[in-house]
Structures are given as C-alpha cells and as structure tokens.
Amino acid sequence: MSANNSNSSLRYDISDFAYGTWRILDEETPPAQDELTQRFHRCLDSGIDTIDTAEIYGSYRVEEAVGASLKSDDRLRSGFKVVTKAGIDVTSDEKNHARLPHYNATGENLVRCAEKSLRLLGVDAIDLFLVHRPDWLTHPEETARGLSQLLEDGKAKQVGVSNYTIHQFETLDQLLDGRLATNQVEFSPLCMDPLYDGTFDQCIQKRVRPMAWSPLAGGSLFRDQDEAGKRVRDKIIELLPKYDDAPIDAMVYAWILAVPANPTVILGTNKLERIESGIKGRSIALERQDWYAIWEAAKGYSVP
Ligand SMILES: NC(=O)c1ccc[n+]([C@@H]2O[C@H](COP(=O)([O-])OP(=O)(O)OC[C@H]3O[C@@H](n4cnc5c(N)ncnc54)[C@H](OP(=O)(O)O)[C@@H]3O)[C@@H](O)[C@H]2O)c1
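Note that the structure is predicted; figures quoted are calculated from it, not measured. (Residues numbered from 1 in each chain as written. Predicted model: local features only at pLDDT ≥ 70, side-chain atom pairs only at ≥ 80, totals over all residues. Heavy atoms only, no water.)

Enquirer: I'd like to hear about a negative patch on the surface, residue by residue, with values.
Expert: Together, Asp26, Glu27, Asp34 and Glu35 make up a region of like negative charge exposed at the surface. Topologically, glutamate 35 is positioned in helix 1 (residues 33-45). (Patch = residues over 30% accessible without salt bridge, like charges linked within 9 Å, V, L, I, M, F, W, Y side chains within 5 Å. Areas by Shrake-Rupley, 256 points an atom, 1.4 Å probe, with all protein chains shown as cover. Salt bridge = Lys/Arg side-chain N within 4 Å of Asp/Glu carboxyl O. Lys, Arg positive; Asp, Glu negative; His and termini not counted. Charge placed at Lys NZ, Arg CZ, Asp CG, Glu CD. Helix = DSSP H or I, 4+ residues; strand = E, 2+ residues; numbered from the N terminus.)

This is the structure in structure tokens:
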C-alpha cells in the first residue's frame, strides 16, 4: 500500500521512527549515563535520527539525562533532531508551585520552558518544540505569541502541538500563518481515534506529518489481560509466515506507517534489541486485506 503523505512536500520532514524517552528512567534500576549514550548511538546506527522528549518526563529528569549524553558526544549532538514539549505541570520538587497536575500553554510559560530545555539538552535550538496538551484557560493568540517568539529568536526551528483536536489545531495554525509542523497524537491498533476524528485527514490536507505516540498501546498489545491486544497479537502471529516471520512489534509499526497520513512511529522501548527489531517495520509492506485483518482483530468485528 502506498500513496502516503509525500515527504518532499511536507512542512517539516520527520523520519519514520523517533526514539521516545518518556520511560527511559522508569526501570527499577535506571540505566547508567554510558548505557543511555550507547542506546542513543544504536538508534542513530539504526537510522533513527529523532529523539522525542518533554519537560515533565521522568518527573522533570529526562531532558537532563538526554542532554548529558548529547553534551558529551559530538556524534549524538550533531546526528539527532530533538523534539521536546512543554505546557504540562505536575507536582514535583522541581515545580513546587504545582499543587496538582494542570496545563499552562501561556506564551510566557512556553518560552521559559523552552529556554530551560535548551540549557538542559545543551543544544543551540530545539528542532521541534511542541505544546504538550491544549490548555483550556489560555487564549490561542497567547500560545501563538510564545511560539512565534521562539521561532523568531531562533530558539525553536519548528513548532507544533500534541493531543490537539482538529479545531484547536486549525485555530492555532491560522494564528501562526500555517507554521504548525505536526500534531503528536496517540495511535495504534488499540487507539484508532485519529482515523475517525479527522486528525489524520487534517494532517494530509495541511501537508503535516503526524507523530504516533504509544504505538504498542503502552505495551498492552503484549498483555494477555487486554482482550483486544491479545486478538491483535494472535492475528499478527497468524500472518507472520507471509512476512518472513517479522517481529510482532515491527508488524504493528508497519500497520501504523501504512495509513496515508504516514505517522512517525515514536518507539517507547528501553530494550536495544526491540529498537533494532522494531525498525524492520519500515520495510514491511502489509497487504491491504492483512491491514484490515488487524483492524478487525482490534475492533472485534468486521468492517461495516
Ligand atoms: N505527546 C504525548 O502526550 C505522549 C504521550 C505518551 C508518550 N509519548 C511519546 O511516545 C513515546 C512512546 O510511547 P510508549 O512508551 O507508550 O510506547 P509503546 O511502544 O506503546 O509502549 C512502550 C512499552 O511497551 C513495552 N514493550 C515494547 N515491546 C514489547 C514487547 N515486545 N513485549 C512486551 N512489552 C513490550 C515496553 O517495554 P520494554 O521497555 O521492556 O520494551 C514499554 O514499557 C514516549 O516515549 C514518548 O516520547 C508522547
């Protein structure tokens, strides 16, 4: 299946895969800095040239850990494009003014967070800076003012949003003269909302490549307790002989990459071997009826 969003005419060309850093410090024994640096090298070796992070990841500690690797290694610093996000505050020692989780997409907050990200990441400019979630209390003109300032000051090369509805995207995009570069949204066989709520159609219309977070539904695809996940996994296993016994996660990524909006897959694994096996999804061309067989397994019924 092809006829995807053609990369040449996109507002911003993001690669097929990005490496997501949300969970990198979550393991019982978090990785030593050297281990993280090695992992990032393996990403680059595998052709993954984008790191996805955010101010709040790891209770505000992940950007610093990513930055420690980038600062210490020229190949990583020059090889990666960095996507980061701001606009969510959670309680932590870092933000002791936050009594409860809340959103803040004011221009002032976005600029302040971006400046902190630049410092922690050790880069001259953020390649792609995203508003993490829509903030219902901030007028979009105010958000646009902050994003424009970041672009004009060269602190962000591109700006975009995450988890925006199509109307929120349209409003902010107009205020920014069509400069939003992506909408990062949840998408997997277990979360197909962007196919139905217009998100992907809007991305195609605006020549914007969406980014898909939690492509394996946060691991639910591998948990037997998740009935839909188990059905999807069983269906993929049934299909594997036809696809040279490809890894299951690679088949899921191929399913994501096959939709016409051609979302960038944000990998969330902490396992080197899963990074390397997953990117095989890039070269799997799912047959149309197999894509629909996975859709059917996820939904539990056939197409209407
Ligand atoms: N914009 C947003 O609001 C937003 C929200 C959430 C996430 N994100 C971004 O999206 C990235 C990816 O999200 P995600 O971490 O939820 O991705 P995901 O790939 O859906 O889930 C990753 C989880 O699945 C597990 N997993 C992967 N392969 C597995 C396998 N073969 N068997 C069993 N478990 C497996 C991983 O464990 P192992 O580490 O053991 O492999 C990890 O715990 C994040 O890092 C972040 O950058 C953005």
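Enquirer: Which residues make up the site of the ligand, and what values do they have?
Expert: In the neighbourhood of the ligand, 26 residues make up the surrounding shell, with Asp52, Ser214, Thr269, Lys271 and Arg274 lying closest. Alanine 217 is positioned such that a nitrogen or oxygen atom in its backbone is 3.3 Å from an oxygen atom of the ligand. The fraction of the free accessible surface of the ligand (910 Å²) that becomes covered by protein chains is 88%. The cavity that encloses the ligand is the largest pocket. (Near = heavy atom within 4 Å. Polar contact = N/O pair within 3.5 Å; in protein donor to acceptor, adjacent residues only side chain to side chain. 1 Å grid on protein atoms, 1.4 Å probe; cavity = no way out; pocket = protein on both sides within 12 Å on 5 of 7 lines; lining within 4 Å. Sits in = over half its atoms within 2 Å of the grid points.)

Enquirer: Let's hear about the layout of surface pockets: which residues, and what values?
Expert: By volume, the largest pocket amounts to about 720 Å³. For the largest pocket, the lining is made up of 34 residues, of which Trp22, Arg23, Ser214, Gly218 and Gly268 are closest to its centre. Those elements that place two or more of their residues in the lining of the largest pocket are helix 11 (248-257) and strand 10 (264-267). (Points joined across faces, edges and corners; volume = space filled by probe spheres on them.)

Enquirer: Please set out the pattern of salt bridges residue by residue, giving values where relevant.
Expert: As enumerated under the stated definition, the model contains 20 salt bridges in all. The partner of arginine 75 in a salt bridge is aspartate 45, and the shortest N-O contact between them spans 2.7 Å. With arginine 75 in helix 4 (residues 74-79) and aspartate 45 in helix 1, this residue pair connects regions lying 30 residues apart in the sequence. Here lysine 157 and aspartate 127 are joined by a salt bridge, their closest N and O atoms 3.3 Å apart.

Enquirer: Tell me about the packing of aromatic side chains, residues and numbers included.
Expert: Within this structure, the stated rule accounts for 10 aromatic pairs. Between tyrosine 19 and phenylalanine 40 the ring centres are 6.3 Å apart and the planes differ by 70°, which places this aromatic pair in the edge-to-face class. Placement of tyrosine 19 in strand 1 (residues 17-20) and of phenylalanine 40 in helix 1 is noted, with a sequence separation of 21 residues between them. For the pair formed by tyrosine 19 and phenylalanine 40, the shared burial category is buried. (Phe/Tyr/Trp six-rings, centres within 6.5 Å; stacked < 30°, edge-to-face > 60°. Buried < 20%, exposed > 50% of the residue type's maximum accessible area, 1.4 Å probe, protein only.)

Enquirer: Before we move on, could you go through the sheet that holds strand 10 and cite the residues and values that matter?
Expert: In space, the 8 strands of this closed barrel follow the order 1-2-3-6-7-8-9-10, with parallel pairing throughout. Neighbour-to-neighbour, the strand axes of this sheet turn through a mean angle of 30°, independent of strand direction. Bridge analysis of strand 1 against strand 10 gives 3 bridges, and the strand direction is parallel. Counted as the bridge partner of alanine 18 is isoleucine 266 from strand 10. Lying over the sheet, helix 5 (residues 107-121) contacts strand 3 (81-86) and strand 6 (126-131), oriented at roughly 140° with respect to strand 6. (Pairing = 2+ DSSP bridges. Axes fitted to C-alpha atoms, helices over the stretch in contact; angles between N-to-C directions. Contact = heavy atoms within 4.5 Å.)

Enquirer: Help me get a handle on the pairing of strand 6, residues and values and all.
Expert: The buried fraction of strand 6 is high, at 6 of 6 residues. Strand direction decides the pairing type here: strand 6 and strand 7 (residues 156-162), joined by 5 bridges, are parallel. Its bridge partner being in strand 7, leucine 130 is matched across the sheet by glycine 160. Handedness of the strand 6-helix 6 (residues 140-152)-strand 7 crossover: right-handed. (Right-handed = clockwise from strand over helix to strand, strands pointing away.)

Enquirer: Can you explain the environment of leucine 10? Please cite residues and give values.
Expert: Tracing the backbone through its elements, the reader meets leucine 10 in the segment before strand 1. Of the residues examined, leucine 10 reaches a relative accessible area of 9% and is grouped as buried. The spacing of leucine 10 and glycine 67 is 57 residues in sequence and 28 Å in space, taken between C-alpha atoms. Among all residues touching leucine 10, those that are not within four sequence positions of it are Asn5, Arg207, Val208 and Arg209.

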